[in-house]
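Tertiary structure, described
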Amino acid sequence: MLRVLIVEDNRIFREAFKKGLVDYFPSMVIDEAGNADEALQKIEGGPPDLIFMDVRLPGVNGLQLTQRIRKDFPGINIAILTDYDLPEYRQAAVQYGADRFFVKNSFEWDDLEVLVQSISPGAP
Amino acid sequence: MKIRTQFIITMILFGMILVIFAVSATVTSQRIRKTSQQENLASNIAQGASDLSYLANDYLIYRESQQLKRWQSRFASFSNQVASLNVEKPEQQVLVRNIKANEQRLKQVFDSVASAVGNPSQDRSTALDLAFLQVSWSRMAVQSQGLVSDASRLSQLLHQQMNQLRDTRTILMYLMVGLFGLFLLASYMLTYRRILKSMATLQAGTAVIGSGNLDFKIEEKRNDEIGDLSRAFNRMTANLKDVTASKSELEKEIVERKKAEEDLRKQREWLRVTLSSIGDGVIATDTKGQVTFLNPVAVRLTGWESEEAMNQPINSVFHIVNEKAREPAVDLVSQALSEKRVVGLANDTALVTKDGWEVPIEDSAAPIMDSAGNVIGVVLVFHDVTEKRRAQARLREALEQAVWLARFPDENPSPVLRASTEGRVLYCNPASAEILGWGCEVGKSLQGPLLPFVEQAMTGAEEATQDIELGGRCYSVSVTPFPAERYVNVYGRDITERKQAEEALRQRTLELQQLTGTLEHQVQERTEDLEAANEKLKIEIDECARIESALKKSESSLRQLSMELLNAQEKERKMVAGEIHDSIGSSLSAIKFKVENVLTEVAAKSPETTAALRSVIPIVQGAIEEARRIQMNLRPSMLDDLGILATVKWFCRQFESTYSKIRISQSIEIEEHEVPGSLRTVIFRVLQEGLNNIAKHSMANMVLLSLRKTDQAIELVIQDNGQGFNLSRVRSPGGATLGLGLESMRERTELSGGSFKIEPIEGKGTTIGVSWPL
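Structural notes, computed from the coordinates.

It is worth spelling out the packing of helix α1 (residues 3-62) of chain B against helix α2 (residues 65-84) of chain B at this point. Residues and elements named next belong to chain B. Closest axis-to-axis distance for the α1/α2 pair is 9 Å, and the angle between their directions is 160°. The angle between α1 and α2 falls in the class roughly antiparallel. Every pair of crossing elements has a handedness; the one defined by α1 and α2 is left-handed. Contacts from L41, N44, I45, G48, D51, L52, L55, A56, D58, Y59 and Y62 in α1 reach Q67, L68, R70, W71, R74, F75, F78, Q81, V82 and S84 in α2. For the contact of α1 with α2, the per-class residue count stands at 12 nonpolar, five polar and four charged.

Time to look at helix α3 (residues 62-72) of chain A. Residues and elements named next belong to chain A. Burial in α3 covers these residues: G62, L63, L65, T66 and I69. Looking straight down α3, one finds its buried side chains confined to an arc of 155°; they lie on one side. Every exposed residue of α3 that faces more than 90 degrees away from the buried side is listed here: K71 and D72.

Here we take up the pairing of strand β18 (residues 765-773) of chain B. Residues and elements named next belong to chain B. Here eight bridges tie strand β16 (residues 713-720) to β18, and the two strands are oriented antiparallel to one another. The residue of β18 that forms the bridge with D720 is T766. Where strand β17 (residues 755-761) and β18 come together, seven bridges link them in antiparallel fashion. Bridging from a neighbouring strand, E759 pairs with T767 of β18. Following β17, the chain reverses through three residues before pairing antiparallel with β18; G763 in that reversal takes a positive phi of roughly 85°.

This next bit is on the sheet that holds strand β11 (residues 464-470) of chain B. Residues and elements named next belong to chain B. Ordered by their spatial adjacency, five strands build an open sheet running β10-β9-β13-β12-β11, and the pairing between neighbours is antiparallel. Whereas interior strands pair on both sides, the edge strands pair on one side only; in this sheet they are β10 (425-428) and β11. Each neighbouring strand pair of the sheet contributes to a mean axis angle of 25°, computed without reference to strand direction. Relative to β10, strand β9 (residues 416-420) runs antiparallel, the two sharing three bridges. Looking at the pairing, L417 lines up with C428 of β10.

Calculation notes
Residues numbered from 1 in each chain as written. Chains lettered and ligands numbered in written order. Predicted model: local features only at pLDDT ≥ 70, side-chain atom pairs only at ≥ 80, totals over all residues. Axes fitted to C-alpha atoms, helices over the stretch in contact; angles between N-to-C directions. Helix = DSSP H or I, 4+ residues; strand = E, 2+ residues; numbered from the N terminus. Parallel < 35°, antiparallel > 145°, perpendicular 65-115°, else oblique. Left-handed = near helix turned anticlockwise from the far one by under 90°. Contact = placed C-beta atoms within 7 Å. Nonpolar A, V, L, I, M, F, W, Y, C, P; charged D, E, K, R; others polar. Buried ≥ 20, exposed ≤ 12 C-beta atoms within 10 Å, placed from the backbone. Arc of directions from axis to C-beta. Pairing = 2+ DSSP bridges.

Without other data, these values stay purely geometric and don't point to any function.
Dropping the structure here:
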């Protein structure tokens, strides 16, 4: 049972993405957070196996949040979700310590499956 | 007659006499010996006759053949002896003939007897025989007797002759002894009396001459060798006298020679002292190039002591190098030796001293030749040119200064010239061509109004200034005379304009004076008008000040407004972009996910629906892209997400892909955290505007972009290689678009506290420099 946290401030996208995940991975336990504080709160409550992290967040942005989580919870897999398929964003994702990089509107669900299967549940 | 001749004659005379005596004595001795032989022979013959008589008797008595043979044998020897008789004197020859006759008869007698005795006849009686014997014996006795007698007589005669000969020989011997004595006597006379006496005379004469009396003459009457000797002596004395006469001259010559030697010694000493005192270094070598002499200056310059340098190779003592090429210099000594001429040193030669210092020198090498023209060594003369070089450098500087200064009057726009007291031009600068009237030419004489003025200044001997009109222009000319140097300096200044102004002023003044009259009465009423106007003006000025203040206030508020406008615009953009992202973008994404989910569900069931749905996805994707593009154009979210550096990079890349002919070279020398958050947007907007301007107007193909932090500021420089533009034209209506862009950039910069600078160069490109102080 893989536990996943989606950190995304836009409700429409968050829900659509969650729906997609549920459809693809029925066994997945999915939690949501709309901003950095909420996300940290959820993680401290019980660290997930995988976090899908939006870059644009109100206040502390996704990259800064990734850096902070990486420091306190090095075992959590973090995938950056962004609108921009640009080298600057990819480079920033690596620089701030993210494990994966997905472009919101053009990723393939099959790639996501490969990622999910590579993570063993309950690792941290 | 010469002594030698006399001596020879004496010797020959006495020699001949002696030979004659010797021959006579010898002949006499031979005759004595021969006579003695003949005497003996005669004695033997007498004996032989006796013997024959005896033998004949014997035979006759015994008649035996033995006795006969004995007689015959004896007779044979007797006969030989007789035959050997040889005498000279007639008396002796008679006796010899007798002996021979008797001999013959004896022979005959005996033969007859012998034949009778040998052949005795029968008929003959003994008696007869006896008689016969008797007769024969008697005959033979007579004959024998006669022989003995003659022989004895002969012997006696010969003995007498021999005695005579002996006497003769004795006499001859005595004569020879006497003659020898005579020879000795003659020799004595000749030698002692004659020669020695003359010698004594000669000796006495030489003694006199020897004592110094060279005027003495030896007697020379004799005609022999001593006479010759005397004459020779006299000649010798005469010569000696001559020689003695030249002796004084010889002594004088010796004195002169000694003086010459002393002069030579002094000259040598002088030469040595001169070489030692000379200011140049002097080194002499032999033909092998070994040092033979160093003067004190050479010792000081080379650093070698004179003693240690002696016989050293010249190249180690006099080690020279080329200063510039840093190579060993030409071997002057070898060159001078081989070429047999004076060799000068190349420029930039330095002498390396024993301690390794380098001294710049000039020198020359000359071969030393003896009087026969043979090279016997080389002399090097050199001196330190350090001071000379410094002096040359100073001279050069002074010259440059002089040349530089000499340009000074040439560059003077006003006429400057110098003329001699006769009015001939010694110097004139180009500007003086106008006042001279015939161009600027040195050597010509001054003409026109200038000449009397110059002459006047010269006679007055003090500076004079005068305005002169020349070629339609007016000049203020001042002449400064230098009577001692016999020239004047002339300084001119074009005052045409001033004159014209003065003239105008004068005219005006004149007019004014004319007007004054009319004016005076107008003044009164005008004053009143003015006062009224003044009052009005005061009110206007107050109004102006009020308006100005209001304007300032308004400007300030305008500025505030402008800033707010920009901020509001930015804020608006940001908001619109966020809206697009959050609502349109996210909704489109949700739609896309939905469609994709539906697709996976219906894929197997309804192929038609699948195809229709699948065609929707690219459309949705396109809409998403479009929304994102609009959003980015409004305000790139990257600026907020990643910061200014990433945004600059992205924007440049996008720019380059849009305008493929333009390349951007980026130089970013600042860290993200060093850029204040408030400047991010400004930097981006200025960059955006700048690059858009370049793309639209510049025709550039290269942009240099620099963003860096210095100690005092953050600087952004955008430089292109395009056509540039004229800044004034930008402000005209035609350049409105560009002007607006520039103004926007300037405004943004200045509102954010920075300074904006643009340097367009027409045809070369434009540089925009923006700086925000830290």
